Amino acid sequence: SGQCANGSACEFCHHPHAKRPAHLDKKHREVLQAMPNARAKALILPILRTKVLALDDSDETTRALDDLARACGEEGLAQTVGKMSRLERATVEALRVASLRVVLVSLQRTALVDEPAVQADADAFMQRLRRSAGAN
């Protein structure tokens, strides 16, 4: 009986509770939406790559991830990062602890909002990950 039996309905107790999944708060979302698309992609893509490869480092997944990065123009993004503000650093840290889904959705809703073709590539990549996860 090391866990709280009331779960999310618990008002107060001293037992451990399941952690709520990490997500971006309003300030983090605003920071991502305010920055130029190239900068947002430059910050999000490396985190996405790390999270995806931690789950599935197969050749097929790596190729799909490389294709998405190419579609996003990853080659020219590294120099767009430069010095980060305190809020940008906090946003990057929040993305690092967030779920893969949150990172993908952040990429789609901020960095790819004006790029429907690349957004379609990101959607296809997400569907591919779902199929891959279902097969495991």
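This report concerns the structure included in the present document. (Residues numbered from 1 in each chain as written. Predicted model: local features only at pLDDT ≥ 70, side-chain atom pairs only at ≥ 80, totals over all residues. Heavy atoms only, no water.)

Counting 32 residues, the largest nonpolar core has Leu32, Leu48, Val52, Leu95, Leu104, Leu107 and Phe125 as its most contacted members. Within the residue set of this core, elements represented by two or more residues are α1 (26-34), α2 (37-55), α3 (59-71), α4 (86-97), α5 (100-111) and α6 (116-135). Excluding its chain neighbours within four sequence positions, the residues that come into contact with Leu95 are Leu24, Leu32, Ile44, Ile47, Lys51, Val103 and Ser106. (Core = buried A, V, L, I, M, F, W, Y, C linked by side-chain atoms within 4.5 Å. Buried < 20%, exposed > 50% of the residue type's maximum accessible area, 1.4 Å probe, protein only. Helix = DSSP H or I, 4+ residues; strand = E, 2+ residues; numbered from the N terminus. Contact = heavy atoms within 4.5 Å.)

Further remarks concern the environment of Val102. Examined against the element boundaries, Val102 turns out to sit in helix α5. Put simply, Val102 and His23 are 79 residues apart on the chain and 6.5 Å apart in space, counted from C-alpha to C-alpha.

To continue, consider α1. Within α1 the residues assigned to the buried category are His28, Val31 and Leu32. Axial view of α1: buried residues confined to an arc of 95°, hence all on one face. The exposed residues of α1 that point more than 90 degrees off its buried face are Lys26, Gln33 and Ala34. Against the buried residues of α1 lie α2, α4 and α5. Sitting at the head of α1, Asp25 places a side-chain oxygen 3.2 Å from the backbone nitrogen of Lys27. (Arc of directions from axis to C-beta. Polar contact = N/O pair within 3.5 Å; in protein donor to acceptor, adjacent residues only side chain to side chain.)

Along the polypeptide, Thr91 turns up in helix α4. From its side chain, Thr91 meets the backbone oxygen of Leu87 in a polar contact 2.8 Å long. Residue contacts for Thr91: discarding those within four places in its chain leaves His28, Val31 and Leu32.

Taken together, the side chains of Lys26, Lys27, Arg29, Lys83, Arg86, Arg89, Arg101, Arg109 and Arg130 present a region of like positive charge at the surface. The element best represented in the positive patch is α1, accounting for three residues. Its place among the elements puts Arg86 in helix α4. (Patch = residues over 30% accessible without salt bridge, like charges linked within 9 Å, V, L, I, M, F, W, Y side chains within 5 Å. Areas by Shrake-Rupley, 256 points an atom, 1.4 Å probe, with all protein chains shown as cover. Salt bridge = Lys/Arg side-chain N within 4 Å of Asp/Glu carboxyl O. Lys, Arg positive; Asp, Glu negative; His and termini not counted. Charge placed at Lys NZ, Arg CZ, Asp CG, Glu CD.)

Once that is clear, we can look at the pattern of salt bridges. Applying the stated criterion to the full structure yields six salt bridges. Two residues, Arg39 and Glu88, come together in a salt bridge whose shortest N-O distance is 2.7 Å. Note that Arg39 is positioned in helix α2 and Glu88 in helix α4, a separation of 49 residues in sequence. By relative accessible area, which is 11% here, Arg39 ends up buried. Glu88 sits in the buried class, given a relative accessible area of 11%. Among the salt bridges present, the one from Glu93 reaches Arg96, with a minimum N-O distance of 2.5 Å.

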